[in-house]
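Overview (structure and organization)
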Amino acid sequence: MLPAMAKQLGLEVWQNSAYYQNENSAISYADWMLIVAYYDSLAPAHLETAKADVTLKTDWSIFKLKKPQSPSDQIATTTLAAIDPKTHSVYTSDSETGNLYHWSKDLKLISSNPLPSPAVNMTFTAKQQAAVTCIGEMKALDIPSGNVLFVDASGKTTSPIASNLIRPIQTVSADFNKDGLTDYVTCSFGHNKGGLYLMKQNADKSFQNILIRGVAGATQSITGDFNNDGWIDIMTLFAHGDEGIWLFTNNKKGGFDEKNVLRFPPVYGSSSFQIADLNKDGKPDIIYTAGDNSDYSRILKPYHGVYIFTNTGNMNFKQSYFYPVNGATKVIAADFDLDGDVDLASIAFFADLKNKPSEGFIYFENTSAPKTTPNFTPHAVPIHENGRWICMDVSDVDDDGDADIVLGNYSKGFLNEDHFTPNWNTKTPFVVLENTTK
């Protein structure tokens, strides 16, 4: 990481070990070498392996596996897997074709439609349409080629919401100014550039792009009335550099007041979060994952995993739970077993694929009593040979009243472990874990 840091400060770097100062350097050579010496003398030779308090239980728990009925000859590079809660159908996209695929609830391919670039997020609206976020450039480059656009129920593009965005990865919707029109908020992750943007809908159905926070790494937003004043607010996870969760409180004037509620070290690799009242005390808690491992320090990290931060009042949070999961990518909270409490499902794209591939998907069965410290039984559902999961969505696919899970398979590349040959299915674009509770 030191050579990358040096370049940011204007130093020249030769073969990742020799540093040279020039007229554009923001730091002297002598001061920089003090920083190098600090890390060289104090950094541990290796990181200790995290140990879980509860061992993973390998079983199917309440799920059974379903696969799409249409065979595929292309390598699975799925970037989107989403369930339409109204029609119970599934949508997917991939980085090879950039198409949007529509699958029936019995997982038969209905249609395939082109998009400007691979879709990575889909937000379903009240009408028979959805907002699709197309990332533009997959590589970590600040190229403004991303789009947010409407598609109809068949997956065909109908009209744009925003364009020229730098690697947007998620869009959510709400009527923020109470004018009766749906607005959208997009996380533009970017690379060195990016930010959180409000797409305010005008009376003529066009959209005005308004910057909320101009910092790269905007990863995921959740909307809600977090201060109970009757106006919709935004909570957003930022990763990449200045990592943390920010609350944007609606100021009722078309803008937002900003407050940082959680902050994480820049090496954590923040990847997702959820909001749920886990202890049933009437206050929303935060479930969070750290696990992005595709930057400079591509080693297994003991602080990667699933965290819970309990709301102690006034949107202040204290860590109350941690379960180590190498490379945790996403967590979704839902009452999967219909027993009245909140369970969790997690995926880990950067799992320990060589030694612990089962942590690629974990179902956390909530066994806590109300108003107590969270307690979960983690189930390693044995599906790691069916793919490598990069995206996930939860809804009722089979329309039987319980929550099913769709997992998207990105089967190639991004391998951090040496002397390891992938052994998972490389052709199946997605699978569904059908909930058998009902």
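For the structure, check the block above.
Now for a quick tour of the structure. (Residues numbered from 1 in each chain as written. Predicted model: local features only at pLDDT ≥ 70, side-chain atom pairs only at ≥ 80, totals over all residues. Heavy atoms only, no water.)

What about empty space enclosed by the protein?
- Here the structure, examined in full by the defined rule, presents 3 cavities of 30 Å³ or more.
- Estimates place the volume of the largest cavity at around 100 Å³.
- Taken together, 13 residues line the largest cavity, and the ones lying closest to its centre are P357, G360, H384, G387 and W389.
- Partitioning the lining of the largest cavity into residue classes produces 8 nonpolar, 4 polar and 1 charged.
- The wall of the second largest cavity is formed by F176, N177, D183, L198, K200, W231, N250, K252, K253, G254, G255 and F256.
- Residues of the lining of the second largest cavity, tallied by class, amount to 4 nonpolar, 4 polar and 4 charged. (1 Å grid on protein atoms, 1.4 Å probe; cavity = no way out; pocket = protein on both sides within 12 Å on 5 of 7 lines; lining within 4 Å. Points joined across faces, edges and corners; volume = space filled by probe spheres on them. Nonpolar A, V, L, I, M, F, W, Y, C, P; charged D, E, K, R; others polar.)

Some points on the layout of surface pockets
- One number sums up the size of the second largest pocket: a volume of about 330 Å³.
- Along the walls of the second largest pocket sit 21 residues, with T49, A50, N326, D352 and K356 positioned nearest its centre.
- Each residue belonging to the lining of the second largest pocket can be placed in one class, and the counts come to 10 nonpolar, 6 polar and 5 charged.

Side note on the pairing of strand 21 (residues 270–276)
- Of all 7 residues that make up strand 21, 6 are buried, and the element is covered over most of its length.
- Summarising the sheet, strand 21 and strand 22 (residues 285–290) pair through 6 bridges and their orientation is antiparallel. Bridge assignment links S270 to a residue of strand 22, and that residue is A290. (Buried < 20%, exposed > 50% of the residue type's maximum accessible area, 1.4 Å probe, protein only. Helix = DSSP H or I, 4+ residues; strand = E, 2+ residues; numbered from the N terminus. Pairing = 2+ DSSP bridges.)

A look at the pairing of strand 15 (residues 195–201)
- In terms of residue burial, strand 15 counts as a mostly covered element, since 6 of its 7 residues are buried.
- A loop of 6 residues connects strand 14 (residues 183–188) with strand 15, the two strands running antiparallel in sequence, and G190 in this loop sits at a positive phi of about 65°.
- Looking at chain direction, strand 15 and strand 16 (residues 207–213) are connected through 6 bridges and run antiparallel. The residue bridging M199 from the neighbouring strand is N209, located in strand 16.
- Turn length for the strand 15-strand 16 hairpin, with the two strands adjacent in sequence and antiparallel, is 5 residues, and the turn residue K205 shows positive phi of about 75°.

Let's talk about the packing of aromatic side chains
- For the structure shown, the criterion picks out 29 aromatic pairs.
- Relative to W32, the ring of Y19 has its centre 5.5 Å away and its plane inclined at 65°; by these criteria the two rings are edge-to-face. Taken as a pair, Y19 in strand 2 (residues 18–20) and W32 in helix 2 (residues 29–42) lie far apart in primary sequence, 13 residues in all. The two residues Y19 and W32 agree in class, both being buried.
- Between F238 and W246 the ring centres are 5.5 Å apart and the planes differ by 80°, which places this aromatic pair in the edge-to-face class.
- Cluster of aromatic residues (ring-pair linked, three or more members): F264, Y268, Y288, Y303, Y307, F309 and F322. (Phe/Tyr/Trp six-rings, centres within 6.5 Å; stacked < 30°, edge-to-face > 60°.)

Some remarks on the nonpolar core
- Ranked by size, the top nonpolar core spans 22 residues in total, and within it I287, Y323, V325, L344 and F364 carry the most contacts.
- Among the elements of the structure, strand 23 (305–313), strand 24 (316–324), strand 25 (328–334), strand 26 (343–348), strand 27 (361–366) and strand 28 (376–380) are those that each provide at least two residues to this core.
- Setting aside anything within four residues of it in sequence, one finds I287 in contact with S272, F273, Q274, A276, L278, V306, Y307, I308, V331, A333 and L344. (Core = buried A, V, L, I, M, F, W, Y, C linked by side-chain atoms within 4.5 Å. Contact = heavy atoms within 4.5 Å.)

Quick notes on the sheet that holds strand 29 (residues 389–395)
- Sheet architecture is open: 4 strands sit in the order 4-31-30-29, paired in antiparallel fashion. Here the strands that pair on one side only, and so sit at the sheet edges, are strand 4 (63–66) and strand 29. On average, each strand axis in the sheet is inclined to that of its neighbour by 25°, with strand direction left out of account.
- As paired strands, strand 29 and strand 30 (residues 404–409) are joined by 6 bridges and run antiparallel to one another. Looking across to strand 30, one finds that M392 is bridged to L407. (Axes fitted to C-alpha atoms, helices over the stretch in contact; angles between N-to-C directions.)

Fair warning: the whole summary comes from geometry, so function is off the table for now.
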